[in-house]
Amino acid sequence: MTPSAATPRTDIDVRLITETEFADWNRALNTGFLREPTSSEENLEARRRLCFTPGRSLGAFDGGRCVATFRSFAQELTAVGGAAVPADAITNVSVTPTHRRRGLLTRMMAQDLAAAKERGDVVATLVAAEYPIYGRYGFGPATWSTEWTVDVPRTGLDPRRSHPECGGRVDLVDAEDVRKLGPDLHERLRALQPGAVSRTDVWWKTATGAVRFHPTWNEPFFAVYRSAGGEVEGMVSYAADDTWGDSRQPLNTVRVNWLLAVDPAAERALWRYLCSIDWVVKVKSGWRAPDDLLPFLLPDPRAAAVTTQADWLWVRVLDVVRALEARTYEAAGSLVLEVTDGAGLAGGRYRLRASEDGTGTCATTTDDADLTLDVAELAPLWLGDESAVRLAALGRVREERAGAAREADALLRTSRRPWCPDMF
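Here the structure is a predicted model, which means the values were calculated and not measured.

**Notes on the overall build of the protein**
Right, on to step 1. From N to C terminus, the protein includes 10 helices and 19 strands.
Right, on to step 2. Against the compact-globule benchmark of 22 Å for 424 residues, the protein has a radius of gyration of 23 Å, which places it among compact chains.
Right, on to step 3. Counting all 424 residues of the protein, 51% fall into the buried class.
Right, on to step 4. Within the protein, the 59 negative side-chain charges are centred at a point lying 3 Å from the centre of the 51 positive side-chain charges.

Pasting the structure below:
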């Protein structure tokens, strides 16, 4: 008898994989992601280096064949105020089409989150391919990203004045320079940007071609911005197409892979540089913060049209006390939160006290709740991107005391929106 969609298959073995099982696991991952199932030896070895995490790579096996995949790895996430909290980063989630609706993701997720809680991770993170899946596991969309397409001729920028106006300079560099200079720059940005996550050494090697998944890897261009004092304060990776009009007019598009800047002057200089490259008529920004400076760095902001805006980093709080104490606050105040959690990992009633200096303390309490919310709604409030008033209007937060949602916004919301520059 074929099991119903609501009946978990207990005869399917969900467990941590060994390194010798990675090829089968990778085949299942490729199948779930609609990629060519079998990888070349070179590709398989590169994926093994990036994707096999001992003790954190799960697979579901039916009759000895891997039919679902799940992996997590250690990560740090920047909270409001700059503190880094340990995170359980989840990725490579797939279920083979023949084994959907059998509870395999639920079993793998429960095993991984329980292990993360035991390890002492404060949150779990992921980037969701599909919106409806992860809310039922306590994740909420905590950052959003926006992509702009810049119509270069319309910007109003003077192509004769593409150089920085503040004494700095933009230089092209090679991949080896990026591997030397990039990690330090990213760490400086991460300390300033709520929602940013840590990058591994393998990340930098993959982004610069030292580790390659595909034999046809195309090398991008790299440029850095140095301040007048010679310090690297910005960096960009980009590629360009080769498009010509009917009259042999170059109509090329630059696509930004990533752009990091720790100073507005660096950000302005790099965007101006990208918009001044000969033959380029469009610049695609890549995924940026929704309140990015880009449109308003141009004389005509309408030259930058929003191409896509979407949820990006999803966060699942595992330790409410440590999460709320890790961040800073916009005002002083006190709030009692009733957090519901169907998985039993972070539920309870908590009193948050924020001080005039921006620090906060949190502890369990038996006092009456001011707000009741699911743990999935706590994540976007914790990173400062969501409004409790708006969530209450949507029926996703319940006010137990009149005015409590507005007070929560005064405490929790931030002047700039959180942003995660990375996909993982």
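**Re the environment of Trp314**
Right, on to step 1. By the element assignment, Trp314 lies in strand β14 (residues 313-317).
Right, on to step 2. By relative accessible area, Trp314 is classed as buried at 2%.
Right, on to step 3. For Trp314 and Val127, which are 187 residues apart along the polypeptide, the C-alpha to C-alpha distance reads 5.9 Å.
Right, on to step 4. Non-local contacts of Trp314, meaning those with residues more than four positions away in its chain, are made with Ala124, Thr125, Leu126, Ala128, Tyr131, Tyr134, Gly135, Phe139, Gly140, Pro141 and Ala142.

**Topic: the sheet that holds strand β2 (residues 57-62)**
Right, on to step 1. Ordered by their spatial adjacency, 7 strands build an open sheet running β1-β2-β3-β4-β5-β14-β6, and the pairing between neighbours is mixed. Looking at the sheet topology across the chains shown, the edges are occupied by β1 (13-16) and β6 (140-141).
Right, on to step 2. In this fold helix α3 (residues 104-119) packs onto β1, β2, β3 (65-78), β4 (84-95), β5 (123-127) and β14, with an angle of close to 165 degrees to the strand it touches most, β4.

**Quick look at the environment of Trp144**
Right, on to step 1. Along the chain, the position of Trp144 falls in strand β7 (residues 144-151).
Right, on to step 2. Each C-alpha atom, one on Trp144 and one on Asp291, is 9.8 Å from the other, the two residues being 147 residues apart in sequence.

**Thoughts on the pairing of β5**
Right, on to step 1. Most of β5 is tucked away, with 5 of its 5 residues classed as buried.
Right, on to step 2. On β5, burial covers both faces: Val123, Thr125 and Val127 on one face and Ala124 and Leu126 on the other are all buried.
Right, on to step 3. For β4 and β5, the ladder comprises 3 bridges, and the chain directions are parallel. Within the sheet, the bridge partner assigned to Ala87 lies in β5 and is Val123.
Right, on to step 4. Handedness of the crossover joining β4 and β5 through α3 is recorded here as right-handed.

**Describing the pattern of salt bridges**
Right, on to step 1. A complete count under the given rule lists 30 salt bridges for this structure.
Right, on to step 2. Two residues, Glu45 and Arg48, come together in a salt bridge whose shortest N-O distance is 3.3 Å. In this pair, Glu45 and Arg48 both sit in helix α2 (residues 41-51), 3 residues apart, roughly one turn of the helix.
Right, on to step 3. Here Glu45 falls in the partly exposed class, since its relative accessible area comes to 39%.
Right, on to step 4. A relative accessible area of 18% places Arg48 in the buried class.
Right, on to step 5. For Asp171, the salt bridge identified is with Arg169, shortest N-O distance 2.7 Å.
Right, on to step 6. A residue is classified by how much of its surface remains accessible, and Asp171, at 17% relative accessible area, is buried.
Right, on to step 7. What you see here is one network of salt bridges that share partners, running through Arg56, Asp88, Arg119 and Asp121.

**Things to note about the layout of surface pockets**
Right, on to step 1. Approximately 530 Å³ is the volume attributed to the second largest pocket.
Right, on to step 2. Around the second largest pocket, the lining is made up of 25 residues, and of these Leu192, Gln193, Pro194, Arg416 and Arg417 lie nearest the centre.
Right, on to step 3. Looking at the lining of the second largest pocket, the elements with two or more residues in it are β11 (252-261) and α6 (264-274).
Right, on to step 4. Here the lining of the second largest pocket gets 3 residues from one element, more than from any other, and that element is β11.
Right, on to step 5. Taken together, the residues of the lining of the second largest pocket sort by class into 12 nonpolar, 5 polar and 8 charged.

**Concerning the sheet that holds strand β12 (residues 280-284)**
Right, on to step 1. If you trace the 7 strands from one edge of the open sheet to the other, you get β8-β9-β10-β11-β12-β7-β13, paired in mixed fashion. Only two strands of the sheet have a single neighbouring strand rather than two, namely β8 (169-173) and β13 (304-311). Each neighbouring strand pair of the sheet contributes to a mean axis angle of 25 degrees, computed without reference to strand direction.
Right, on to step 2. The pairing of β7 with β13 spans 7 bridges and is antiparallel. The residue of β13 that forms the bridge with Thr146 is Gln309.

**Some details on the nonpolar core**
Right, on to step 1. Counting residues in hydrophobic clusters, the biggest one holds 45 residues, and the most contacted among them are Leu77, Val123, Val315, Leu324, Leu337, Leu371 and Trp382.
Right, on to step 2. Those residues in contact with Leu371, other than ones at most four positions away along the chain, are Leu335, Val336, Leu337, Glu338, Ala388, Val397, Arg398, Glu399, Glu400, Ala404, Ala405 and Ala408.
Right, on to step 3. Val152, Ala223, Leu259 and Ala261 belong to the second largest nonpolar core, which has 27 residues in total.

**A short note on the packing of aromatic side chains**
Right, on to step 1. Under the criterion given, the structure shown has 13 aromatic pairs.
Right, on to step 2. Taken together, the ring pairs in this structure connect Trp203, Trp204, Phe222 and Trp258 into an aromatic cluster.
Right, on to step 3. The aromatic ring of Trp204 is capped on one face by Arg199, whose charged end is 5.2 Å from the ring centroid.
Right, on to step 4. The lysine or arginine in question, Arg327, covers the ring of Tyr329, its NZ or CZ lying 4.6 Å from the ring centre.

**Description of the environment of Pro97**
Right, on to step 1. With respect to the helices, strands and loops of the structure, Pro97 is situated in the loop between β4 and α3.
Right, on to step 2. Looking at Pro97, the relative accessible area reads 54%, which means it is exposed.

**Regarding the pairing of β7**
Regular strands place side chains that alternate from one sheet face to the opposite one.
Right, on to step 1. The buried fraction of β7 is high, at 6 of 8 residues.
Right, on to step 2. As paired elements, β7 and β12 share 3 bridges and run antiparallel to each other. Paired with Asp151 across the two strands is Lys282, which belongs to β12.

Reading the values: rules and limits
- Residues numbered from 1 in each chain as written.
- Predicted model: local features only at pLDDT ≥ 70, side-chain atom pairs only at ≥ 80, totals over all residues.
- Heavy atoms only, no water.
- Helix = DSSP H or I, 4+ residues; strand = E, 2+ residues; numbered from the N terminus.
- Rg over C-alpha atoms; globule rule 2.2 N^0.38 Å.
- Buried < 20%, exposed > 50% of the residue type's maximum accessible area, 1.4 Å probe, protein only.
- Lys, Arg positive; Asp, Glu negative; His and termini not counted.
- Charge placed at Lys NZ, Arg CZ, Asp CG, Glu CD.
- Contact = heavy atoms within 4.5 Å.
- Pairing = 2+ DSSP bridges.
- Axes fitted to C-alpha atoms, helices over the stretch in contact; angles between N-to-C directions.
- Right-handed = clockwise from strand over helix to strand, strands pointing away.
- Salt bridge = Lys/Arg side-chain N within 4 Å of Asp/Glu carboxyl O.
- 1 Å grid on protein atoms, 1.4 Å probe; cavity = no way out; pocket = protein on both sides within 12 Å on 5 of 7 lines; lining within 4 Å.
- Points joined across faces, edges and corners; volume = space filled by probe spheres on them.
- Nonpolar A, V, L, I, M, F, W, Y, C, P; charged D, E, K, R; others polar.
- Core = buried A, V, L, I, M, F, W, Y, C linked by side-chain atoms within 4.5 Å.
- Phe/Tyr/Trp six-rings, centres within 6.5 Å; stacked < 30°, edge-to-face > 60°.
- Lys NZ or Arg CZ within 6 Å of the ring centre and 35° of its normal.

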